[in-house]
Amino acid sequence: MQALSGRAAVTGVGMTALTRASGRTELDLATEACRAALADAGVAAPDAVLSYHLGDSVPATQVARALRLERLGWHNDITGGGTQAASILGDAAMLIAAGVARTVLVYRALNGRSGTRMNRASTGPQERFTIPYGMAGPIPLFALAAQRYLHDTGLTEDHLHAVVAASRDRAAANPRALRRAPLPREEYRAAPYVSTPLRNVDCCQETDGACALVVQDARLAPAAPRIHTVVRGGGPGCSAMDRAADVTAIFSAHLDLWGESGLGPEDVDVALLYDAYTWLVPRQLSDFGLVKREDLGDSLLNRSHVPVNPHGGLLSEGYVHGLNNTAEAVRQLRGDGVNQVPGARVALVTGFGGSYGSAALLVRP
Amino acid sequence: MARPLPLPSPLTAPYWDACRRGELALQRCGGCRGFVHFPEAECPFCGDSNLAYEVVQGKGAVHTFTVVHRAFVPGLAPPYTVAWIDLDAGARVFGGVLGETRIGGRVDVTFRDVEGFGPMPYWRPDE
């Protein structure tokens, strides 16, 4: 059990509308989401502010000024994208468990469609070799991993379709979602490839918007969902295909969530998995022990696994770099989620980039 | 816009110079004897900095590949294929593949003259 376990609770969530052309600054978006989260928590002013960004957002000091926070305590702008979506809860909980702050405001704001887009984000110094061959950005990298993953597992495009079709069906009940229409198999098969085996519909929705959370000392909010365990790490895998034994390995192959938490996969009532691409759902389901690898195909086709992203996830709701999935984990534990999982008590939320990332368990007291 | 070309550095120049001779040359660690590609200043496996280039045969099998249909790089006309290839010599290398391929498909290196740069290694089916 981690020393931070149970010490912090998520007491507020706030989001802007998700769009493809906000016409607003990142500061405007961040401020709106933060105000909504603070109002949801019933908090006038946080004493700490954390955000994460890839040079595409607005710093905490500017948001604090816009929120008219007269004094600002601990604040940090953490460089990172999807890897932070779960672990930023750990950063907030550590501040609280260490007695540095009692109320931490967390946000992610971006114009991810109309401004700086992820589809051209650098994948690192290897690009000096890959770009001359026409390979840049995360999609072909994850496509190389996906091709091998399908080969190794025997999963097919029908299973990838099952992931996105389920996501669209659930998003139909989510007024925030950017994609709410069903995706029949014929339509999936007719969708254009970006980089085989990934079609455009296998990729998440580049989004303009912001999401914010309020994390507080659990003693201030005894009924709110608690941060139980947060793990962050990584290792060999798709980030370094030149030397990885398994080029399909992502962060979830390297985290010891159950050892750290004392809980097990059977405890999870709802999983908010970082579904930037369809194939990442089965990969995480088996890495976290939620589905046996040999049962992946059937469980995807029959939708018989633990509920995943009941709001539609990054594939259909939108992509606030994963923090919108974290927000939905909180709603599910409060009982005001989309397609609410009855009685949900334990939520798993994940976030990653390449073979590095994070996972958190949230528990309703 | 023009296609981006390799920009050889002191570290990578021997790789591209070998291509001009029609050879594939990779760093090989003098300590652990592992092949290192992409080029590094220190061996990622054992930390040795004795990394001389060694000519290798270009035959191997495709480890994984993707056919790029939407390019995020200017000056190349999709669809085209990029791949990681497990060379029989024991190294895993990155490059383009000319023609249809599959995981496990046998390939051999060839050098394609890229305008404004010179020869770059590509692999072609060899079955």
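From a predicted model like this one, the values you see are computed outputs, not experimental measurements. (Residues numbered from 1 in each chain as written. Chains lettered and ligands numbered in written order. Predicted model: local features only at pLDDT ≥ 70, side-chain atom pairs only at ≥ 80, totals over all residues. Heavy atoms only, no water.)

A few words now on the pairing of strand S1 (residues 8-15) of chain A. Residues and elements named next belong to chain A. Within S1, 8 of the 8 residues are buried, leaving the element largely enclosed by the surrounding structure. Inspection of the sheet shows S1 paired to strand S7 (residues 208-217) by 7 bridges, in the antiparallel sense. From the neighbouring strand, Met15 faces S7, where its bridge partner is Cys211. (Buried < 20%, exposed > 50% of the residue type's maximum accessible area, 1.4 Å probe, protein only. Helix = DSSP H or I, 4+ residues; strand = E, 2+ residues; numbered from the N terminus. Pairing = 2+ DSSP bridges.)

A separate point is the pattern of salt bridges. Residue and element names in this part refer to chain B. Taken as a whole and judged by the stated rule, the model has 27 salt bridges over all chains. Here Asp88 makes a salt bridge to Arg106, at a shortest N to O gap of 2.7 Å. Taken together, the residues span a long stretch of sequence, with Asp88 in the loop between strand S5 (80-87) and strand S6 (92-97) and Arg106 in strand S7 (residues 106-114) at a distance of 18 residues. By relative accessible area, Asp88 is classed as exposed at 51%. By relative accessible area, Arg106 is classed as partly exposed at 29%. (Salt bridge = Lys/Arg side-chain N within 4 Å of Asp/Glu carboxyl O.)

A few words on empty space enclosed by the protein. Residue and element names in this part refer to chain A. Taken as a whole, this structure holds 3 cavities of 30 Å³ or more when the rule is applied. A volume near 90 Å³ is recorded for the largest cavity. Considering the residues around the largest cavity, the lining is formed by 14 residues, among which Val163, Ala166, Arg170, Val281 and His305 are closest to the centre. The element contributing the most residues to the lining of the largest cavity is helix H6 (residues 157-171), with 5 residues. When its residues are assigned to classes, the lining of the largest cavity shows 7 nonpolar, 4 polar and 3 charged. (1 Å grid on protein atoms, 1.4 Å probe; cavity = no way out; pocket = protein on both sides within 12 Å on 5 of 7 lines; lining within 4 Å. Points joined across faces, edges and corners; volume = space filled by probe spheres on them. Nonpolar A, V, L, I, M, F, W, Y, C, P; charged D, E, K, R; others polar.)

Okay, the interface of chain A and chain B next. At the junction of the two partners, chain A supplies 30 residues and chain B supplies 37 residues. For the pair chain A and chain B, the summed buried surface comes to about 3,000 Å²; carbon and sulfur atoms form 63% of the total. The largest share of the area that chain A buries against chain B comes from A:Phe129, A:Pro132 and A:Tyr133, three residues that together contribute 27% of it. For the interface between chain A and chain B, the tally reads 1 salt bridge. With a closest N to O distance of 3.0 Å, B:Glu40 and A:Arg243 form a salt bridge. If you look at where chain A meets chain B, you find 16 residue pairs in polar contact (both at pLDDT 80 or more). If you list the elements that add at least two residues to the side of chain A that touches chain B, you get helix H4 (127-130), helix H5 (138-153) and strand S5 (193-195) of chain A. Looking at the side of chain A that touches chain B element by element, the count peaks at 7 residues for H5(A). (Contact = heavy atoms within 4.5 Å. Buried area = accessible area lost by both parts, 1.4 Å probe. Polar contact = N/O pair within 3.5 Å; in protein donor to acceptor, adjacent residues only side chain to side chain.)

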